[in-house]
Structures are given as structure tokens and as C-alpha cells.
Amino acid sequence: MLRHYRARHENEVPDTPRVDSASRKQMLDEAVLNFIVKDCQPLSIVESEGFRELIQALQPSYVLPTRKTIKQMVAKKYEEERERVKKEVQQAVAITFGNISTSKWAGRPKVPQLMPSRRCRDTWQKAILPGPRIL
């Protein structure tokens, strides 16, 4: 046991916070997933001999997830990001179009048209156009 400690743990910094193996594996899985997604790597990279050797050199105790597991992780990440973006768009629409009113234009009297109120147009111009107001 002493030989194991000296070989594996003696050079570690004592103030380094310890992370349990389950959360460490989850963190490494996320890192691999982010690598695949951000760099547009194929899912089969986890089966690549060179990639496996690299991971083994960096973290010998880490077991790479399978291609099927990575596929499920990508689908889950996609759904999470989709929901996040959907909420952001809904919030932006609520802020931007919160003052929409209907009015009738003179050219087509019986067809109501959606048009932003004056206050909403001013907000758009301040956000989008830094110069003087156009409307």
C-alpha cells in the first residue's frame, strides 16, 4: 500500500480538493462530449485507437463512454440547449413585443394589422440603432 501511495499520490498537492470518482467520470464525460460537439468530431472518435491512447495517457483510470452512450449524451445536450434557447427567445419576444397593439391602417380598413406601439419602437431604436431616431 505504501508503494501504491508513493507511486500514485506522493507528488500531489495536499490542498487539492478531492473529487469522488462518480463526479470525476461525469466531468470527464462532459469534457469528451464538449470536445466532440464543439470541434465537430465524429462519434466514432471514442473508438479510435489514438484517441483512446491519449485519454489513457492523461487519465489511466478513466473508461471512455461508448459511441451509443455519446449519441445519447448528444441528444440530451441538444434537448437541454434547445429548451434554454427557446426560453431566451420567449423572454426576448416578451420584452420586445410586449407593447404590440392592433390598429387599422387607412389603406385596408377592415383588416387589423399588428404594429408596435410608439414606446416599443423607441425601445427597438435605442437597442438597435445607436444614432438619432428615424421614426
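Please refer to the structure higher up on the page.
Residues numbered from 1 in each chain as written. Predicted model: local features only at pLDDT ≥ 70, side-chain atom pairs only at ≥ 80, totals over all residues. Heavy atoms only, no water.

**Student:** How should I be thinking about the overall build of the protein chain in this particular structure?
**Tutor:** Looking only at helices and strands, one finds five helices and two strands in the protein chain. Along the protein chain, helices and strands appear, N-terminal first, in the series α-α-α-α-β-β-α. A burial count over the protein chain gives 14% of its 135 residues as buried. (Helix = DSSP H or I, 4+ residues; strand = E, 2+ residues; numbered from the N terminus. Buried < 20%, exposed > 50% of the residue type's maximum accessible area, 1.4 Å probe, protein only.)

**Student:** Would you mind going over unusual backbone geometry with me for this structure?
**Tutor:** Note: most peptide bonds trans; most residues except glycine with negative phi. You will see that Cys40, though not glycine, has its phi angle at about 55°, which is positive. Locating Cys40 in the fold gives a position in the loop between α2 (21–38) and α3 (49–58).

**Student:** What exactly am I supposed to notice about the packing of aromatic side chains here?
**Tutor:** The relative placement of two aromatic rings is captured by the distance of their centres and the angle of their planes. Tallying each qualifying case throughout the model produces one aromatic pair. When the centroid spacing of 5.6 Å and the interplanar angle of 5° are considered together, the rings of Phe35 and Phe51 count as stacked. A residue pair is termed long-range when its members are at least 10 positions apart, and Phe35 in helix α2 and Phe51 in helix α3 qualify at 16 residues. On the accessibility criterion, Phe35 (28% relative accessible area) is partly exposed. Residue classification places Phe51 among the buried residues on the basis of a relative accessible area of 11%. (Phe/Tyr/Trp six-rings, centres within 6.5 Å; stacked < 30°, edge-to-face > 60°.)

**Student:** Honestly, the nonpolar core in this entry has me stumped. Any pointers?
**Tutor:** Generally speaking, soluble globular proteins have nonpolar side chains that are buried together. In this structure, Leu28, Val32, Leu33, Ile36, Ile45, Val46, Phe51, Ile55, Tyr62, Leu64, Ile70 and Met73 together form the largest nonpolar core, which totals twelve residues. When residues of this core are traced back to their parent elements, those giving at least two are α2, α3 and α4 (67–96). With four residues, the top contributor of residues to this core is α2. Look past the residues within four positions of Leu64 in its chain and what remains in contact with it is Val32, Val46, Phe51, Arg52 and Ile55. (Core = buried A, V, L, I, M, F, W, Y, C linked by side-chain atoms within 4.5 Å. Contact = heavy atoms within 4.5 Å.)

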